[in-house]
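Notes for the structure review
Spelled out from the first residue to the last, the chains are:
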Amino acid sequence: MTGSRIAAVGHYQPARVLTNDDLAAIVDTSDEWIRSRVGIRTRHIARADETVDEMAAAAASKALATGGLAPADIDLVVVATSTAIDRSPNMAARVAARLGLGSPATLDINVVCAGFTHALATADHTIRAGAATAALVIGADKFTEAADWTDRSTCVLLGDGAGAAVVLADDRAERADGAAGADAAGLPGIGPVVWGSVPEMGHAVRIEGTPPRFAQEGQAVYRWATTQLPPIAREVCARAGITPEELAGVVLHQANLRIIEPVARKLGATNAVIARDVVESGNTSAASVPLALSKLVERREIAPGAPVLLFGFGGNLSYAGQVIRCP
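Report follows, based on the coordinates. (Residues numbered from 1 in each chain as written. Predicted model: local features only at pLDDT ≥ 70, side-chain atom pairs only at ≥ 80, totals over all residues. Heavy atoms only, no water.)

1. Regarding the pairing of strand E11 (residues 249–252)
Our working definition: Exposure classes here rest on a 1.4 Å probe applied to the protein chains alone. A residue is buried below 20% of its type maximum, exposed above 50%, and partly exposed in between. Every helix listed is a DSSP run of H or I at least four residues long, and every strand listed is a run of E at least two residues long, numbered separately from the N terminus. Two strands form a pair only when DSSP identifies at least two bridges running between them. Note on handedness: a clockwise path from strand one over the helix to strand two, with the strands aimed away from the viewer, defines a right-handed crossover.
In E11, alternate side chains face the same way, and those of Gly249 and Val251 on one face and Val250 and Leu252 on the other are all buried. Strand direction decides the pairing type here: E11 and strand E12 (residues 273–274), joined by two bridges, are parallel. Looking at E12, one finds that Gly249 is bridged to Val273. Following the chain from E11 across helix H8 (residues 257–267) to the adjacent parallel E12, one finds a crossover that is right-handed. Across four bridges, the pairing between E11 and strand E13 (residues 307–313) is parallel. When the sheet's bridge partners are listed, Val251 is paired in E13 with Leu310.

2. Comments concerning the sheet that holds strand E7 (residues 160–170)
This is how it is decided: Working convention: axes come from line fits to C-alpha atoms, limited for helices to the stretch in contact. Angles between N-to-C directions cover 0 to 180 degrees.
Spatial strand order, E1-E7-E6-E4-E5: five strands in an open sheet with mixed pairing. Sheet topology places strand E1 (3–12) and strand E5 (105–109) at the edges, where each strand pairs with a single neighbour. Across the sheet, the mean angle from the axis of one strand to that of its neighbour is 20°, orientation sign disregarded. Two strands pair when backbone bridges link them, and strand E4 (residues 76–80) and E5 are joined in this way by five bridges, in the parallel orientation.

3. A closer look at unusual backbone geometry
Between Ser88 and Pro89 the backbone carries a cis peptide bond, its omega angle lying at 0°. As for its position among the elements, Pro89 is in the loop between E4 and helix H4 (91–99). The step from Thr210 to Pro211 runs through a cis peptide bond, and the omega angle for that step is 0°. Tracing the backbone shows Pro211 in the loop between strand E9 (205–208) and strand E10 (213–216). The backbone of Val112 sits at a positive phi, close to 50°, despite the residue not being glycine. Using a relative accessible area of 9% as the deciding quantity, one classes Val112 as buried. Its identity as a non-glycine residue notwithstanding, Arg300 has a phi of 60°, on the positive side. Assignment of secondary structure puts Arg300 in the loop between helix H10 (288–298) and E13.

Function-wise, these values are silent; they only describe arrangement.
Below, the structure is given as structure tokens:
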């Protein structure tokens, strides 16, 4: 069975940067209050006329250029987003049109903050099944459009942006023994996904109403993430046949530094670079994992081919994770 790999990544963030001091001028908060509770210092805010598909296409164009691929090479586009306003054409079709792609299959996935890792698994499975050979997988959200700017507990979290990956068929031999301790060259390009949800707790993270507004039960999300997710992340590593200590990088959903750091610590990834892009980007929902990964790759903080854990979680209290070889 043909596997798949991430061949290239790219990201895009709007030009406008909103600092904590800027927020303090419009809501009852302060730089110290925000940094001590969530670790965020800045976030990027899209223009009123800057659309989700525009950001998604910018990130995808960068990934295509980095990977040396032409638009005609792509036969599948999967976009993870929870902030699409119009229902048709879907976001993936809009991106395909912007990039001048040929006639790819176009799918949108809405799993909120776990969207990108769900989309990546979907593309990997599609390629494994022989239904595609080259995919664009994108996480993009204009999360600030759903912000309640009077609620200091939520508006300080949100940012806008997009991250993209080019995923290609990969027929290199995959690891068959499942034993820990083998070198990274024996890893699949994209390892098995572990995913799921807690449907009865879906109310803990919501984007509802007209116009839609983001709300969450922060303490419930914090307790769930810091207690339930570390063993699931260890299972992701086990499914890939490595130990957490062998990871070169860990890219968790960039929700809150007070969640990222304890989850990474409990995972036991003692030798890994831990993505902390939330500090400068805030919570960008489905964009957060590919955005943070792309920055690590761009800065060459992780060696090509090294094992990296990607793990998305949040909205719907859903989660999905896989170990990849770093592009």
